[in-house]
Amino acid sequence: MEKLIITCALTGAEVTKHDNPNLPVTPEEIAKAAMEARQAGASVVHLHARREDGAPTQDMGVYAEIMRRIRESGNDVILQVSTGGAVGMTPDERIQPVALRPEMATLTMGSVNFGNDVFLNPPAMVEQFARTMRDYDVLPELEIFDAGMITNATRLIKKGLVPERAPFDFVMGVPGGIPGTPRDLLFLVESLPPGARWSVAGVGRAQLPLATMAIVLGGHVRVGFEDNIYYQKGVLAESNAQLVARIVRLANELGREVATPDEAREMLGIPAKS
Ligand code: KMH
Ligand code: ZN
């Protein structure tokens, strides 16, 4: 089995410090959390940005500052920006950070209900985002919130807009999307194109059981405050790194080695940093 790639989704767009006071929000806090996550075993960080008042933003300047601070701290982790942003943002707002040429960016494969809102990703917009990522040489990670989105992704791969090596990420347990159950994870994995690499981001209490399944099945894992703010029922997580460290311990117990950022780059076909 190939080494395990752990992605840490540090901040997200929806969680607030009111929900968990340990949430990193400022560029300084996000860079520190990225370093702790890297030291704990993450090889990718999934980034969102916030304004000073804590509201989500896709502003290029804020992303640029986050990315600069991460690199200046000597952190070699793979940087993956969000193009999902927050519900209600325009496509022009959402795509901005791709122009900074991060190594990776998320690309959601369709629209989905998102709690009481709708996370809108119409086909023409997704294709345009894919073209922009291709132009800037940014590797997309294909975000799958429900089963039909795998078919949408396959169509884009066939059209040549998304590279075949682009990894899939199953975001499971969003109210409105596919539930976060073991049965649903097995169904998604079996629905993938042959040889596709995948990870799972379980929301809330689905995070730990689905991550454990991914370790065993040969998939990869995303954890972090964007998807889950608890360490266990009723106990808030102290940090993103605490959630990463638990996955590393599980992987060690289950005999799965954990990839460094450069090993993850080699697996994903991203040029090495060092
Ligand atoms: N905040 C969600 C509406 C992504 O980062 O690409 C979308 C999201 C997905 O977080
Ligand atoms: Zn995100």
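Keep in mind that what you see is a predicted model, and the values were worked out from it rather than measured.

A. Summary view of the nonpolar core. Counting residues in each nonpolar core, the largest one holds 88 residues, and the members touching the most others are Leu 47, Phe 168 and Phe 170. Once you skip the residues sitting within four places of it in the chain, Leu 47 turns out to touch Leu 10, Ile 30, Tyr 63, Ile 66, Met 67, Ile 70, Leu 79, Gln 80, Val 81 and Ser 82.

B. Structural context of helix 4 (residues 123-135). Taking 1.5 Å of rise per residue, the 13 residues of helix 4 would be expected to cover 18 Å, and the 18 Å separating its terminal C-alpha atoms lies within 8% of that figure. Buried residues of helix 4: Met 125, Val 126, Glu 127, Phe 129, Ala 130, Thr 132 and Met 133, and no others. Residues of helix 4 that are buried in the fold lie against helix 3 (91-95), strand 6 (104-108), strand 9 (139-144) and helix 5 (148-158). Asp 137 occupies a position one or two residues after helix 4 and carries a positive phi of about 60°.

C. Broad picture of the side chain of Arg 197. Following the sequence through the fold, Arg 197 ends up in the loop between helix 6 (182-190) and strand 11 (198-202). At 2.8 Å, the side chain of Arg 197 forms a polar contact with the side chain of Glu 2.

D. Inspection of the environment of Pro 179 at higher detail. Topologically, Pro 179 is positioned in the loop between strand 10 (168-172) and helix 6. Since its relative accessible area comes to 44%, Pro 179 is described here as partly exposed. Along the backbone, Pro 179 and Pro 27 are 152 residues apart, and their C-alpha atoms lie at a distance of 32 Å. In this view, Pro 179 contacts Met 172, Gly 173 and Asp 184; residues no more than four positions away in its chain are not counted.

E. Structural context of the environment of Gly 195. With respect to the helices and strands, Gly 195 occurs in the loop between helix 6 and strand 11. A relative accessible area of 83% means that Gly 195 is categorised as exposed. Along the backbone, Gly 195 and Thr 260 are 65 residues apart, and their C-alpha atoms lie at a distance of 22 Å.

F. Structural detail: helix 6. Here helix 6 has its buried residues at Asp 184, Leu 185 and Leu 188. One face of helix 6 carries all of its buried residues, which in axial projection span an arc of 100°. Helix 6 presents Arg 183 and Glu 190 as exposed residues on the side facing more than 90 degrees away from its buried surface. The elements touched by buried residues of helix 6 are helix 5, strand 10, strand 11 and helix 7 (207-217).

What counts as what
- Residues numbered from 1 in each chain as written.
- Chains lettered and ligands numbered in written order.
- Predicted model: local features only at pLDDT ≥ 70, side-chain atom pairs only at ≥ 80, totals over all residues.
- Heavy atoms only, no water.
- Core = buried A, V, L, I, M, F, W, Y, C linked by side-chain atoms within 4.5 Å.
- Buried < 20%, exposed > 50% of the residue type's maximum accessible area, 1.4 Å probe, protein only.
- Contact = heavy atoms within 4.5 Å.
- Helix = DSSP H or I, 4+ residues; strand = E, 2+ residues; numbered from the N terminus.
- Expected span 1.5 Å × (residues − 1).
- Polar contact = N/O pair within 3.5 Å; in protein donor to acceptor, adjacent residues only side chain to side chain.
- Arc of directions from axis to C-beta.

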